[in-house]
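Report on the structure
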Number of protein chains: 2
Amino acid sequence: MSFEDGLTFDAFQEEFRLGKEDFCRDVFQENRETIQIKKEKTAVKNLSRIFDATFRICSRKGFRGMSMRDLSQESGLSMGGLYAYFRSKEELLNTLQRVGNHFIHRHLETTSRKGGDARQRLRIMIKTHLYLSEIVQPWFYFSYMEAKSMSRKERDFYKQAELFTENLILKILKQGVKEGQFADQDHQLAASVIKSMLQDWYLKRWKYSKREISVDRYAEFLIGFIESFYCLSQGSEG
Amino acid sequence: MSFEDGLTFDAFQEEFRLGKEDFCRDVFQENRETIQIKKEKTAVKNLSRIFDATFRICSRKGFRGMSMRDLSQESGLSMGGLYAYFRSKEELLNTLQRVGNHFIHRHLETTSRKGGDARQRLRIMIKTHLYLSEIVQPWFYFSYMEAKSMSRKERDFYKQAELFTENLILKILKQGVKEGQFADQDHQLAASVIKSMLQDWYLKRWKYSKREISVDRYAEFLIGFIESFYCLSQGSEG
DNA sequence: AGAAAAATCGAGCGATTGCTCGATTTTTCT
DNA sequence: AGAAAAATCGAGCAATCGCTCGATTTTTCT
């Protein structure tokens, strides 16, 4: 496949070399004091098992419906083993949220600084968001679904992250109008519904996998949809 | 306010005279055998208290995070009192889901049979969905968030309901193409993202209320957004 | 190989869970 | 007013919860 911006999922995946292992390394580095395990290799291996198990259980019961015995069985670690990584169940939730958000935030911000005209930047922003959510889908899904289960402080943090993404889109739309490239619409509402369409990709995975719709196809569709609303000239495809 | 189709939220609300009381009456009628209470008036009053309390608690902790003691305290009924209405916590969840879905299904189907050209029918469908979700927002939110907590049977039921709505939209889009009114797009994907934008209205209430965006304004925005993608001639506004 | 360090284990603690049921109160009859 | 029916109550049961900690196993040293 080849698109206007040259960005494809395969290329993206290669460039960033993301994956759950990097995620777990981040968690380990940022929680060295509380995690009782010393060796990175051991920690990363078990954190990965814990997270996988958490996502698997929570996608069925939700975080509060998951018991630590459930998690122990599913992850293969003992009760005591689990508590060598997290001081409490609550801390597991918060860590998962915080590190996930931080990870996503970092990548989106890098992306948002990339130059080009508004149209290009919109394309890149949409694709980056979709690609990220494709690679670490369980994190995105978990964050969204369990935001309400968090403490007030952590929940506010999540809402702020949600608005941050929306604002990145908003800025691009406004830039487009300034450059005479985009029509002058209700940007706030537009950014909001664009966000909801981006989220649908990781929230309704069951639907899109069954229909065998690739992330690139979804991305191209979204871009076309948005551009037909915003672009004054539907210019130069392909 | 006055729109092309003459449909406004106020008018809708008046016509259907919906509200939680009708909802609770439905629950009572459909569960006469299991509910130990005889008098409708008493049952409806207490069911209303139970549901309100459930939504309030679950929006913070999720269904599995809510204990029956939480529910007892928040609703003002005793433990024994609660179990006069539901034989188990699980049954409360299923009833809430089933009756909610049935209620929504009924109204959307009635709407979908209304005549007119594709453009009009699309407008009416979007507005009806938004208006319904505005009136019984807690039900929509709860259904969406707790679908994963349900038994396989009930979960499949929810997914089917989700696809039902999508199909209603899909049919209208295809009709529009046949009538030469709509462009020939990827209807399946279009219906899917339209659904996600409709859902955003009840999932992100915190955002839209803070920004003081009315349901009518949101509806008009969505319609404009979709029509710019689909309509061959952006014809006759107002 | 033997000792020190690191990692893993799971029985058991007190608190909380979903739920029951006999006692009590309120309402509706004659 | 008094009896029958309906509605409400909450202490208490067995099961499960989050979590601890001393014992045990595995790994890494010299």
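In short, a report on the structure. All values reported here derive from a predicted model rather than from experimental measurement. (Residues numbered from 1 in each chain as written. Chains lettered and ligands numbered in written order. Predicted model: local features only at pLDDT ≥ 70, side-chain atom pairs only at ≥ 80, totals over all residues. Heavy atoms only, no water.)

**Considering a positive patch on the surface**
- There is a patch of like positive charges on the surface, built from A:Lys39, A:Lys41, A:Lys45 and A:Arg49.
- Exposure remark for A:Lys39: the relative accessible area of 56% places this residue in the exposed category. (Patch = residues over 30% accessible without salt bridge, like charges linked within 9 Å, V, L, I, M, F, W, Y side chains within 5 Å. Areas by Shrake-Rupley, 256 points an atom, 1.4 Å probe, with all protein chains shown as cover. Salt bridge = Lys/Arg side-chain N within 4 Å of Asp/Glu carboxyl O. Lys, Arg positive; Asp, Glu negative; His and termini not counted. Charge placed at Lys NZ, Arg CZ, Asp CG, Glu CD. Buried < 20%, exposed > 50% of the residue type's maximum accessible area, 1.4 Å probe, protein only.)

**A word on the environment of B:Ile226**
- You can see B:Ile226 is positioned in helix H12 (residues 215-230).
- Exposure remark for B:Ile226: the relative accessible area of 1% places this residue in the buried category. (Helix = DSSP H or I, 4+ residues; strand = E, 2+ residues; numbered from the N terminus.)

**Overview of the protein's contact with DNA strand C**
- In the neighbourhood of DNA strand C, 23 residues make up the surrounding shell, with A:Lys38, B:Lys39, B:Met68, B:Arg69 and B:Lys89 lying closest.
- A share of 51% is what sugar and phosphate atoms reach among the atoms of DNA strand C within 4 Å of the protein.
- Contact between DNA strand C and A:Arg69: a base oxygen at 3.1 Å from a side-chain N or O atom of the residue.
- Those elements giving two or more residues to the surface near DNA strand C turn out to be helix H3 (40-61) and helix H5 (79-82) of chain A together with helix H4 (68-75) and helix H5 (79-82) of chain B.
- Ranked by residues supplied to the surface near DNA strand C, first place goes to H5(A) with three residues.
- For the surface near DNA strand C, the residue count by class is eight nonpolar, nine polar and six charged. (Near = heavy atom within 4 Å. Polar contact = N/O pair within 3.5 Å; in protein donor to acceptor, adjacent residues only side chain to side chain. Nonpolar A, V, L, I, M, F, W, Y, C, P; charged D, E, K, R; others polar.)

**Topic: the pattern of salt bridges**
- Applying the stated rule across the entire model yields 36 salt bridges over all chains.
- A salt bridge links A:Glu162 to B:Lys207; the shortest N-O distance between them is 3.8 Å. With one member in each of two chains, A:Glu162 in helix H9 (residues 152-178) and B:Lys207 in helix H11 (residues 205-210) form a pair that bridges those chains. The exposure classification of A:Glu162 matches that of B:Lys207, with both residues buried.
- Sharing partners across several salt bridges, the network here consists of A:Glu162, A:Glu166, A:Lys195, B:Asp200, B:Lys204, B:Lys207 and B:Arg211.

**Concerning the relation of the copies chain B and chain A**
- The transformation that overlays chain B on chain A combines an axial shift of 0.0 Å with a rotation of 180°, and the residual RMSD is 0.1 Å. Considering both components of the superposition, the chain copies are consistent with a two-fold axis.
- Residue by residue, 100% of the interface of chain B is reproduced at the interface of chain A, so both copies engage with the same surface. (Least-squares fit on C-alpha atoms with pLDDT ≥ 70 in both. Contact = heavy atoms within 4.5 Å.)

**Some points on the environment of A:Gln175**
All names here are of chain A.
- Among the secondary structure elements, glutamine 175 is positioned in helix H9.
- For glutamine 175 and arginine 119, which are 56 residues apart along the polypeptide, the C-alpha to C-alpha distance reads 9.4 Å.
- Setting aside its immediate chain neighbours within four residues, glutamine 175 contacts Gly116, Asp117, Ala118 and Arg121.
- Reaching out from glutamine 175, the side chain makes a polar contact with the side chain of glutamate 179 at a distance of 2.6 Å.

**So, the side chain of A:Ser75**
All names here are of chain A.
- With respect to the element layout, serine 75 can be found in helix H4 (residues 68-75).
- Polar contacts involving the side chain of serine 75 include one to the main-chain carbonyl oxygen of serine 72, which spans 3.4 Å.
- Apart from the residues within four sequence positions on either side, serine 75 is in contact with Arg49, Ile50, Ala53 and Leu82.

**Some words on the environment of B:Arg113**
- Mapped onto the secondary structure, B:Arg113 falls in the loop between helix H6 (89-112) and helix H7 (118-135).
- Spatially, the C-alpha atom of B:Arg113 lies 16 Å from that of B:Phe103, the residues being ten residues apart in sequence.

**Regarding unusual backbone geometry**
All names here are of chain A.
- At glutamate 212, a position not held by glycine, the phi torsion is positive, near 55°.
- Following the sequence through the fold, glutamate 212 ends up in the loop between helix H11 (205-210) and helix H12 (215-230).
- Residue classification places glutamate 212 among the exposed positions, given a relative accessible area of 70%.

**Section: helix H10 (residues 187-203) of chain A**
- For H10(A), spanning 17 residues, the distance from its first C-alpha to its last is 24 Å, which sits close to the expected 24 Å at 1.5 Å a residue.
- When you tally the buried positions in H10(A), you get 16 out of 17 residues, the bulk of the element. (Expected span 1.5 Å × (residues − 1).)

**Some words on the packing of aromatic side chains**
- Per the stated rule, a full pass over the model turns up 37 aromatic pairs over all chains.
- Chaining the aromatic ring pairs together yields one cluster made of A:Phe182, A:Phe221, A:Phe225, A:Phe229, A:Tyr230, B:Phe182, B:Phe221, B:Phe225, B:Phe229 and B:Tyr230.
- We note B:Lys89 situated over the ring of B:Phe63; from NZ or CZ to the ring centre the distance is 5.0 Å.
- The residue whose ring lies beneath B:Lys207 is B:Tyr208, and the NZ or CZ to ring-centre distance is 5.7 Å. (Phe/Tyr/Trp six-rings, centres within 6.5 Å; stacked < 30°, edge-to-face > 60°. Lys NZ or Arg CZ within 6 Å of the ring centre and 35° of its normal.)

**Quick notes on the interface of chain B and chain A**
- Of the residues lining the interface, 43 residues belong to chain B; the matching set on chain A comes to 43 residues.
- In total, about 3,800 Å² of surface goes out of reach between chain B and chain A, with carbon and sulfur atoms giving 65% of it.
- Its largest share of buried area at the contact with chain A, chain B owes to B:Lys148, B:Phe221 and B:Phe225, together 18% of the area lost on that side.
- In this structure, the connection of chain B to chain A is made through ten salt bridges.
- At the surface where chain B touches chain A, the tally comes to 14 residue pairs in polar contact (both at pLDDT 80 or more).
- Sorting the residues of the side of chain B that touches chain A by element identifies helix H3 (40-61), helix H8 (137-146), helix H9 (152-178), helix H10 (187-203), H11 and H12 of chain B as the ones contributing at least two each.
- Per-class residue counts for the side of chain B that touches chain A are 19 nonpolar, ten polar and 14 charged. (Buried area = accessible area lost by both parts, 1.4 Å probe.)

Function-wise, these values are silent; they only describe arrangement.
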